[in-house]
Amino acid sequence: MRFEAAEWAVVPLSTPSAADPAITGAKAAHLARAAEEELPVLPGFVLVPATRTRSALTGDEALRGAWRTLAGEDGREPLVVRSSSLHEDTENSSMAGRFDSVLDVRGWDDFVAAVRTVLSCARNVRPLRPASQDLPDDEMAVLVQPMLTSAVGGVMFGADPIEGRTDRILVNVVRGGPDHLVDGSTRGVRYQLTRLVDGAPAARLLTRAQRQRLVGLAKVAERVFGGPQDMEFGFGPDGALWLFQARPITAMPLVRHAAPDCSGPVRSPRRSPVCSNRWRRTRGWHPCPTAWPWPWTSSAPHPGAGCAGSPW
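All residue numbers refer to positions counted from 1 along the written sequence of the respective chain. Since the coordinates come from a predicted model, pLDDT governs what is reported: local features require at least 70, and pairs of side-chain atoms require 80 or more to be given and counted, while whole-chain, interface and lining totals use all residues. Just so you know, side-chain values use all the structure's heavy atoms and leave hydrogens and water out.

So, about the packing of aromatic side chains. Note on aromatic contacts: the rings of Phe and Tyr and the six-membered ring of Trp form a pair at centre separations within 6.5 Å, being stacked when their planes are under 30 degrees apart, edge-to-face when over 60 apart, and tilted otherwise. As enumerated under the stated definition, the model contains five aromatic pairs in all. Ring centres of F3 and W8 lie 6.1 Å apart, and the angle between their planes is 45°; this geometry places the pair in the tilted category. A simple rule labels every residue: compare its accessible area, found with a 1.4 Å probe on the protein chains alone, to the largest value its type can have, and call it buried under 20%, exposed over 50%, or partly exposed in between. Using a relative accessible area of 11% as the deciding quantity, one classes W8 as buried. Ring pairing ties together the aromatic residues F45, W67, W108 and F111, which thus form one cluster. Here, a charge over a ring means that NZ of Lys or CZ of Arg falls within 6 Å of the ring centre while also lying within 35 degrees of the ring normal. Directly above the aromatic system of W108 lies the positively charged group of R64, at a separation of 4.0 Å from the ring centroid.

Salt bridges, as used here, are contacts in which a Lys or Arg side-chain nitrogen is within 4 Å of a carboxyl oxygen on Asp or Glu. Tallied over the full model, the rule gives seven salt bridges. Put simply, E73 and R68 hold a salt bridge, and the shortest N to O gap is 3.9 Å. In this structure E73 comes out as exposed when scored by relative accessible area, which is 67%. Of the residues examined, R68 reaches a relative accessible area of 33% and is grouped as partly exposed. Residues D160 and R168 are paired through a salt bridge, measuring 2.9 Å at the closest nitrogen-oxygen approach. Across the pair, R168 and D160 agree in class, each one buried.

Only buried residues count toward a nonpolar core. Its members are Ala, Val, Leu, Ile, Met, Phe, Trp, Tyr and Cys residues joined through side-chain atoms within 4.5 Å. Among the nonpolar cores identified, the biggest contains 40 residues, and M156, V171, V173 and L243 are the most heavily contacted of them. Put simply, DSSP H or I for four residues or longer makes a helix, DSSP E for two residues or longer makes a strand, and each gets a number counted from the N terminus. With eight residues, helix α6 (residues 208–225) is the largest single contributor of residues to this core. Residues are treated as being in contact if the distance between any of their heavy atoms lies within 4.5 Å. Beyond its immediate sequence surroundings of up to four residues, V171 is in contact with V155, M156, V189, R190, Y191, L193, L206, L214 and F233. Formed by 27 residues, the second largest nonpolar core is a distinct cluster that contains A62, W108, L119 and M140.

Glancing now at helix α4 (residues 108–121). The terminal C-alpha atoms of α4 lie 20 Å apart, and with 14 residues this matches the ideal 20 Å at 1.5 Å per residue to within 8%. Among the residues making up α4, those that are buried are W108, F111, V112, A114, V115, V118, L119 and C121. Helix span is expected to be 1.5 Å times the residue number reduced by one.

Glancing now at helix α2 (residues 26–36). The element α2 is extensively covered by neighbouring structure, given that eight of its eleven residues are classed as buried. Of all the positions in α2, only A26, K27, A28, A29, H30, L31, A32 and A34 are classed as buried. Among the structural elements, α1 (21–24), β2 (45–49), β4 (79–83), β6 (142–146), α6 and β11 (241–248) are those in contact with the buried residues of α2.

Right, let's talk about the pairing of β4 for a bit. The side chains of a regular strand alternate, first on one face of the sheet and then on the other. With five of its five residues buried, β4 lies for the most part within the structure. In β4, alternate side chains face the same way, and those of L79, V81 and S83 on one face and V80 and R82 on the other are all buried. Pairing between strands requires that DSSP locate at least two bridges from one strand to the other. When β4 meets strand β5 (residues 100–105), the two strands line up antiparallel, connected through three bridges. For L79, the partnering residue across the bridge sits in β5 and is V105. Here β4 pairs with β6 via five bridges, running antiparallel. Among the inter-strand pairings, S83 is bridged to a residue of β6, identified as V142.

This part is about the pairing of strand β7 (residues 152–157). In terms of burial, β7 is largely enclosed, as six of its six residues are buried. Neither face of β7 is exposed, since V152, G154 and M156 on one face and G153, V155 and F157 on the opposite face are all buried. Judged from the six bridges that link them, β7 and strand β8 (residues 168–175) form a sheet pairing that is antiparallel. From the neighbouring strand, F157 faces β8, where its bridge partner is L170. Relative to strand β10 (residues 229–235), β7 runs antiparallel, the two sharing six bridges. Looking across to β10, one finds that M156 is bridged to M231.

Detailed reading of the predicted coordinates is not advisable wherever pLDDT is low. Scored by pLDDT, the chain comes out at a mean of 76, with 67% of its residues at no less than 70. Counting interchain partners and residues more than four positions distant, the pLDDT-below-50 stretch residues 127–137 has nine contacts. In this model, residues 258–312 is a region of pLDDT below 50 whose contacts with residues beyond four sequence positions or in other chains number 177 contacts. A residue's pLDDT is simply how confident the predictor is in it, with values from 0 to 100.

What follows is about the side chain of T24. Looking at the secondary structure, you find T24 in helix α1. According to the relative accessible area criterion, T24 is buried, its value standing at 0%. Any pair of N or O atoms that falls within 3.5 Å is considered a polar contact. Within protein, one atom must be able to donate a hydrogen and the other to accept it, and sequence-neighbouring residues count only if both atoms are side-chain atoms. A polar side-chain atom of T24 sits 2.7 Å from the main-chain carbonyl oxygen of A18. In contact with T24, other than residues within four places in its own chain, are V11, S17, A18, A29, V46, V48, R52, S84 and A141.

See below:
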């Protein structure tokens, strides 16, 4: 697909317009909003059609500058290039697995090729449900972030989407990043956690402290977005927790239960509806030179943000 930098605007995730899904798409907008609320989100930027915003910089110089901020002057730091369509990760449809993402992108030429790959996949995908309003033809934005090599990663549902129970938090984890889980190459370890008490015994993959931090992340994400979220996360080699994606849980029959139901690692014959984008990988999942030890310290800087760290 043809890609001309002059036709695209660069919207940093740290700017207010990044949180507008009509500009950056729901996936990027959710991460921008989460970052505003001081959740552990990697820095990055979104490439959007220049017609969507007048406040962002456009052109080759702006794009190369944003790219160097993440990839370094020599372009050797690996990046992940992901879709952020106007149709995906919405309240009506997740469109999970229907768009491409490209991992471990190094160098300018590979970066441009990855952007073209993500843009090209939009041609073959149409929304499964009609939108509530007319959407422009230029439906795709491109989210760019550093990669983080996860020691442990996975998918977390802030409620039980099978039983419709809001007193449960379901977690499915693997060694490495969540791409190992969602592409089906590795079978994860499943946990049922509660909102009040972590009743799981000593874990094979997650420590008690890590499970508690995930419960905290699920509860804060629900407060920020107004409902339980379907999230992808990773713990870095230094133990730092990062949020890679948050979207509404779609089509879940909500049934509230007063009594908590708590158990350890779960091996259920029914598979959780774990889904994500398609990942094109070469070496690993998401790496950032530094990591934010969320949420247990308040002194560490957010990587690349130049601001105070988490207040938790």
